Amino acid sequence: MSLIAFDFDGTLSDSEMTVLLAERAGVADEVAEITERAMNDELSYAESLYSRAELLGGLDEDAVAAAFDEVSLRPGAGELIERLQAEGHHVAVLTGGFERGVERALAKQGVEADTIVANRLPMAGGKLTGAAEGPLIEGTKDDALGDLAADLGIPMSETVAVGDGANDLPMLEVAGLAVGFVPKDAVRPVCDAVVASMFRLGKVFEGYDVLPAE
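Residues numbered from 1 in each chain as written. Predicted model: local features only at pLDDT ≥ 70, side-chain atom pairs only at ≥ 80, totals over all residues. Heavy atoms only, no water.

## Brief notes about the UniProt feature "active site" (unreviewed entry) in the protein
Argument step 1. The sites that carry the UniProt feature "active site" (unreviewed entry) are, in the present numbering, D7 and D9. As for the lining of the largest cavity, the annotated residues named previously contribute D7 and D9.
Argument step 2. With respect to the element layout, D7 can be found in the loop between β1 (3–6) and α1 (17–25).
Argument step 3. D7 gets classed as buried once you look at its relative accessible area, which sits at 4%.
Argument step 4. Ignoring sequence-local partners within four residues, the contact set of D7 consists of L12, L94, T95, K141, V162, G163, D164, D168 and M171. (UniProt positions renumbered as here; feature names shortened; annotations may be inferred. 1 Å grid on protein atoms, 1.4 Å probe; cavity = no way out; pocket = protein on both sides within 12 Å on 5 of 7 lines; lining within 4 Å. Helix = DSSP H or I, 4+ residues; strand = E, 2+ residues; numbered from the N terminus. Buried < 20%, exposed > 50% of the residue type's maximum accessible area, 1.4 Å probe, protein only. Contact = heavy atoms within 4.5 Å.)

## Side note on empty space enclosed by the protein
Argument step 1. Within this structure, the stated rule accounts for one cavity of 30 Å³ or more.
Argument step 2. By volume, the largest cavity amounts to about 200 Å³.
Argument step 3. Forming the walls of the largest cavity are 19 residues, and the residues nearest its centre are D9, E16, Y45, R52 and G97.
Argument step 4. Of all elements in the fold, only α1, α2 (28–39), α3 (45–56) and β2 (90–98) reach the threshold of two or more residues within the lining of the largest cavity.
Argument step 5. For the lining of the largest cavity, the element with the most residues is β2, which contributes four residues.
Argument step 6. Split into classes, the residues belonging to the lining of the largest cavity amount to six nonpolar, seven polar and six charged. (Points joined across faces, edges and corners; volume = space filled by probe spheres on them. Nonpolar A, V, L, I, M, F, W, Y, C, P; charged D, E, K, R; others polar.)

## Comments concerning the domain arrangement of the protein
Argument step 1. Domains assigned within the protein are domain 1 (3–15 + 73–124 + 133–208) and domain 2 (17–69).
Argument step 2. Here the C-alpha centre of domain 2 lies 21 Å away from the C-alpha centre of domain 1.
Argument step 3. Facing 22 residues of domain 1, the contacting portion of domain 2 comprises 20 residues.
Argument step 4. For the pair domain 1 and domain 2, the two sides together bury roughly 1,800 Å², of which 66% comes from carbon and sulfur.
Argument step 5. It is F98, R100 and I137 that lose the most area in domain 1 upon contact with domain 2, and together they represent 30% of the buried surface on that side.
Argument step 6. Our count for the domain 1 to domain 2 interface comes out at two salt bridges.
Argument step 7. Notably, a salt bridge pairs E61 with R100, separated by 3.2 Å at the nearest N-O pair. (Domains from an automatic or database assignment. Buried area = accessible area lost by both parts, 1.4 Å probe. Salt bridge = Lys/Arg side-chain N within 4 Å of Asp/Glu carboxyl O.)

## Quick look at the layout of surface pockets
Argument step 1. The space that makes up the largest pocket amounts to roughly 230 Å³.
Argument step 2. Together, 17 residues line the largest pocket, and Y45, T140, A166, N167 and P170 are the ones closest to its centre.
Argument step 3. Those elements giving two or more residues to the lining of the largest pocket turn out to be α2, α3 and α8 (169–174).
Argument step 4. For the lining of the largest pocket, the per-class residue count stands at 10 nonpolar, four polar and three charged.
Argument step 5. Three or more residues apiece are contributed to the lining of the largest pocket by two domains, here domain 1 (3–15 + 73–124 + 133–208) and domain 2 (17–69).
Argument step 6. By volume, the second largest pocket amounts to about 180 Å³.
Argument step 7. Per element, the largest residue contribution to the lining of the second largest pocket is four residues, and it comes from α2.
Argument step 8. Here the lining of the second largest pocket is built from residues that sort into five nonpolar, two polar and five charged.
Argument step 9. Three or more residues apiece are contributed to the lining of the second largest pocket by two domains, here domain 1 (3–15 + 73–124 + 133–208) and domain 2 (17–69).

Right, dumping it as structure tokens:
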């Protein structure tokens, strides 16, 4: 059994949760600018997430639910997760994005991750408070991957990480196999392989004996 850890926004999904929320809050341009700076490593992930959450403060429950309903997996992602699980692998989603959106997107495809490590946007009085909480704000994905591998008794050499942005760098650097999904320039050098579709990712997994060839 291997531990396969996916980033979510930009990797398993081409939806950007904060963008979907920001469009409903009327702050899309401001959020996009903060996101871009964070992805290019000009701003720490924590700073960027707290700043974006603050801009979303006051958005009501119906708008939040509608935004999360729009989050979807990339074509082929659900099937790939099922193939990995059928081979006995533990599939984890490690994301700075939000638990509700991840769960909603997976449910729409009829699949579940074995573990989701994600952040939350707390609500009070039916509205977002403007705060953010969760393990992957100050915490980093290498620690999350290491902790999960230790819990499962899986050596780090048997871990696989798939991601695209600067906040994926820590887990890509420590994983046994690092795959970039249309990675940012800063991320590309640490990747053992680079793909642009779930089909190609499946082929990479076959090439590295994570999955049997179809």
